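Listed below, chain by chain, are the residues.
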Amino acid sequence: MDTKSTSSSGTAALKTPSSLGTNAVRDVSGAFNALLADTFALYMKTKNFHWHVSGPHFRDYHLLLDEQASQIFATTDTIAERVRKLGGSTLRSIGHVARLQSIKDNDAEFVTPLDMLAELREDNAQLVARMRETHGVCDVHSDVAGASLLENWIGEAEGRIWFLFEASRRGNSGE
Ligand SMILES: [Fe+2]
């Protein structure tokens with residue numbers, strides 16, 4: 001390769017051959033990168049709450065949130081590599097995540113355990129909505145492999161929502 005590469009030929013060097021058209025690569029990559037930013041934001045918030053939760057159910061909540069954080073984090077590499085497989089470019093920094101994320105950070109000094117569970121439930125529901133939208137983009141461009149990944153991740157997020165819901169019901173019983 002030409003060592004005097006300009007930035008445009010550098011970009012060309014990252015173009016993985018793909019049977020999807022240019023518009024498909026742009027649209028699907030854009031949707032997956034937005035999903036990746038929200039996935040990192042939710043991962044960080046789940047870890048934040050894992051670290052800062054307190055109270056009589058500490059052990060249960062601490063462990064539940066760690067399991068959920070691991071499940072969320074496990075999807076990030078596959079999302080990014082899906083974009084690269086199509087020939088798009090993906091996220092490069094925490095700053096890049098911050099520019100694209102729609103799930104909001106929570107930097108509060110103290111959050112009650114039940115508020116943590118409720119907020120994560122809403123955030124996971126928002127992630128499900130984004131994954132359904134992304135699935136729609138995949139459908140439009142016949143990206144069946146991308147759609148298939150999303151179907152599994154939607155099921156996982158629904159499982160997290162279920163656990164967060166049931167865990168907070170116990171707290172509501174006043175025990
Ligand atoms: Fe931990």
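Residues numbered from 1 in each chain as written. Predicted model: local features only at pLDDT ≥ 70, side-chain atom pairs only at ≥ 80, totals over all residues. Heavy atoms only, no water.

To continue, consider the overall build of the protein. When helices and strands are counted, the protein shows six helices and zero strands. Each helix and strand of the protein, placed in order from N terminus to C terminus, yields the pattern α-α-α-α-α-α. Considering the protein as a whole, with its 175 residues, one finds that 41% of them fall into the buried category. In the protein, 82% of the contacts between residues at least 6 apart in sequence involve partners at least 24 apart. For the protein, the computed accessible surface area is about 9,900 Å², with 55% contributed by carbon and sulfur atoms. (Helix = DSSP H or I, 4+ residues; strand = E, 2+ residues; numbered from the N terminus. Buried < 20%, exposed > 50% of the residue type's maximum accessible area, 1.4 Å probe, protein only. Contact = heavy atoms within 4.5 Å. Areas by Shrake-Rupley, 256 points an atom, 1.4 Å probe, with all protein chains shown as cover.)

For the rest of this paragraph, the subject is unusual backbone geometry. Residues apart from glycine generally show negative phi values, whereas peptide bonds are mostly found in trans. A positive phi angle is found at Ser142, which is not glycine, with a value near 55°. Tracing the backbone shows Ser142 in the loop between helix H5 (113-140) and helix H6 (144-172). What makes Ser142 exposed here is its relative accessible area of 55%.

Our next topic: the packing of helix H3 (residues 58-86) against H5. At a minimum axis distance of 12 Å, the contact between H3 and H5 shows a crossing angle of 20°. In terms of their interaxial angle, H3 and H5 are classed as roughly parallel. Note on packing geometry: the crossing formed by H3 with H5 is left-handed. Each of Tyr61, Leu65 and Gln68 in H3 lies in contact with H5, whose residues at this interface are Pro113, Leu114, Leu117, Leu120 and Asn124. In the contact of H3 with H5, the residues fall into six nonpolar, two polar and no charged. (Axes fitted to C-alpha atoms, helices over the stretch in contact; angles between N-to-C directions. Parallel < 35°, antiparallel > 145°, perpendicular 65-115°, else oblique. Left-handed = near helix turned anticlockwise from the far one by under 90°. Nonpolar A, V, L, I, M, F, W, Y, C, P; charged D, E, K, R; others polar.)

Considering every residue of the protein, the mean pLDDT works out to 91; 87% of them sit at 70 or more. The model gives residues 1-6 a pLDDT under 50, and that stretch makes one contact with residues more than four places away or in other chains. (pLDDT = per-residue confidence, 0-100.)

The topology assignment puts Val111 in the loop between helix H4 (94-100) and H5. Spatially, the C-alpha atom of Val111 lies 8.2 Å from that of His52, the residues being 59 residues apart in sequence. For Val111, the residues in contact, after removing those within four places along its chain, are Phe49, Asn106 and Met116.

A few words on the nonpolar core. The biggest cluster of nonpolar side chains holds 40 residues, and the ones touching the most others in it are Phe32, Leu35, Met131 and Leu150. Where this core is concerned, the elements lending two or more residues are helix H2 (22-52), H3, H5 and H6. A total of eleven residues in this core trace back to one element, the largest contributor, which is H2. For Leu150, the contacting residues outside a window of four places in its chain are Phe32, Leu35, Met131, Thr134, His135 and Cys138. (Core = buried A, V, L, I, M, F, W, Y, C linked by side-chain atoms within 4.5 Å.)

On to H3, then. Taking 1.5 Å of rise per residue, the 29 residues of H3 would be expected to cover 42 Å, and the 43 Å separating its terminal C-alpha atoms lies within 8% of that figure. Downstream of H3 by one or two residues, Gly87 has phi in the positive range, about 100°. (Expected span 1.5 Å × (residues − 1).)

We now examine H5. Between its terminal C-alpha atoms H5 stretches 41 Å, which fits the 40 Å expected from 28 residues at 1.5 Å a residue. Where H5 is concerned, the buried positions are Met116, Leu117, Leu120, Asp123, Asn124, Leu127, Val128, Arg130, Met131, Thr134, His135 and Cys138. Following H5 by one or two positions, Ser142 adopts a phi angle in the positive range, close to 55°.

In this section: the pattern of salt bridges. Enumeration over the complete set of coordinates arrives at eight salt bridges. Here Arg26 makes a salt bridge to Asp27, at a shortest N to O gap of 3.0 Å. Relative accessible area serves as the criterion here: at 29%, Asp27 is assigned to the partly exposed category. Of the charged contacts, one joins Arg132 and Glu158 as a salt bridge, the two residues approaching to 3.0 Å between their closest N and O atoms. Pair noted here: Arg132 is in helix H5 and Glu158 is in helix H6, with a separation of 26 residues, a long-range link. Look at Arg132 and you get partly exposed, because its relative accessible area is 48%. Overall, the relative accessible area of 37% leaves Glu158 in the partly exposed class. When salt bridges with common partners are traced through the structure, they connect Lys45, Glu119 and Asp123 into a single cluster. (Salt bridge = Lys/Arg side-chain N within 4 Å of Asp/Glu carboxyl O.)

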